[in-house]
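Read off the chains here:
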Amino acid sequence: QVQLVESGGGLVQAGGSLRLSCAASGRTFSSYAMGWFRQAPGKEREFVAAITGSGAGRDYADSVKGRFTISRVNAKSTVYLQMNSLKPEDTAVYYCAADERFNAVVVGTADYWGQGTQVTVSS
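Before going into details, it helps to say that this report is about the structure given with it. (Residues numbered from 1 in each chain as written. Predicted model: local features only at pLDDT ≥ 70, side-chain atom pairs only at ≥ 80, totals over all residues. Heavy atoms only, no water.)

Description of the environment of threonine 78
Turning to its location among the elements, threonine 78 is positioned in strand E8 (residues 78-83). Residues contacting threonine 78, with those up to four places away along its chain left out, are Ser21, Cys22, Ala23, Phe29, Ser71, Arg72 and Val73. In this structure the side chain of threonine 78 is engaged in a polar contact, spanning 2.8 Å, whose partner is the backbone oxygen of lysine 76. (Helix = DSSP H or I, 4+ residues; strand = E, 2+ residues; numbered from the N terminus. Contact = heavy atoms within 4.5 Å. Polar contact = N/O pair within 3.5 Å; in protein donor to acceptor, adjacent residues only side chain to side chain.)

Put into structure tokens, the structure is as follows:
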């Protein structure tokens, strides 16, 4: 079992930055691929970014490439999402996900999910 707790959300003006954190507990963190998803009001949950257990492999949604960076520190059992040049359309609840299979994280069928953290970008 893996428990995930997100933090770092908040209100920011367009063009600003935020860094989200997801702290994991329960199993060997480095065995798990990690990812970030988001869900805006009235919309489907969508993939944002994913990273392999070692951190060597990453994937991003086209909408965030060049603006967001996913990273992890296995010694701290934490994954981060650095979000720069934020836009109002980035407003959503952001969820952390974990699975031993990288592809499962990317397609949204990960075994473990956090409760989410709200990000609001004002124009």
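Structural notes on the side chain of arginine 38
Within the secondary structure, arginine 38 sits in strand E4 (residues 33-39). At 2.9 Å, the side chain of arginine 38 and the side chain of aspartate 90 are in polar contact. Within the structure, the side chain of arginine 38 is placed 2.9 Å from the side chain of tyrosine 94, a separation counted as a polar contact. Those residues in contact with arginine 38, other than ones at most four positions away along the chain, are Glu44, Arg45, Glu46, Val48, Ser63, Val64, Phe68, Glu89, Asp90, Ala92, Val93 and Tyr94.

Brief notes about the nonpolar core
Formed by 38 residues in total, the largest nonpolar core has its most connected members in Leu4, Met34, Trp36, Val79, Leu81, Met83 and Tyr94. Of all the elements in the fold, those that place two or more residues in this core are strand E3 (18-25), E4, strand E5 (46-51), strand E7 (68-73), E8, strand E9 (92-99) and strand E11 (117-122). If near-sequence neighbours (up to four positions away) are discounted, leucine 81 is found in contact with Leu18, Arg19, Leu20, Trp36, Val48, Ala49, Phe68, Thr69, Ile70 and Tyr94. (Core = buried A, V, L, I, M, F, W, Y, C linked by side-chain atoms within 4.5 Å. Buried < 20%, exposed > 50% of the residue type's maximum accessible area, 1.4 Å probe, protein only.)

Examining the pairing of E4
Burial within E4 is extensive, with six of its seven residues counted as buried. Of the pairings in the sheet, the one linking E4 to E9 comprises seven bridges and is antiparallel in character. Residue pairing for E9: alanine 33 is matched across the bridge by aspartate 99. Bridge count for E4 against E5 is five bridges, and the pairing is antiparallel. For tryptophan 36, the partnering residue across the bridge sits in E5 and is alanine 49. Between E4 and E5, which pair antiparallel in sequence order, lie six residues; one of them, glycine 42, sits at a positive phi of approximately 75°. (Pairing = 2+ DSSP bridges.)

Describing the sheet that holds E7
Strand order in the open sheet formed by four strands is E1-E3-E8-E7, with antiparallel pairing between adjacent strands. Looking at the sheet topology across the chains shown, the edges are occupied by strand E1 (3-7) and E7. With direction set aside, neighbouring strand axes in the sheet form an average angle of 15°. Inspection of the sheet shows E1 paired to E3 by five bridges, in the antiparallel sense. Residue pairing in the sheet places glutamine 3 in a bridge with serine 25 of E3. (Axes fitted to C-alpha atoms, helices over the stretch in contact; angles between N-to-C directions.)

Concerning the state of the cysteines
One covalent bond between the sulfur atoms of two cysteine residues makes up a disulfide. Counted by the stated rule, this structure contains one disulfide. One disulfide bridge connects cysteine 22 with cysteine 96, the sulfur atoms lying 2.1 Å from each other. Disulfide cysteine 22 to cysteine 96: torsion about the S-S bond roughly -85°, handedness left-handed. One end of the pair, cysteine 22, is in strand E3; the other, cysteine 96, is in strand E9, with 74 residues separating them in the sequence. The exposure classification of cysteine 22 matches that of cysteine 96, with both residues buried. (Disulfide = S-S within 2.5 Å.)

These results come straight from atomic positions and should not be treated as a statement about function.
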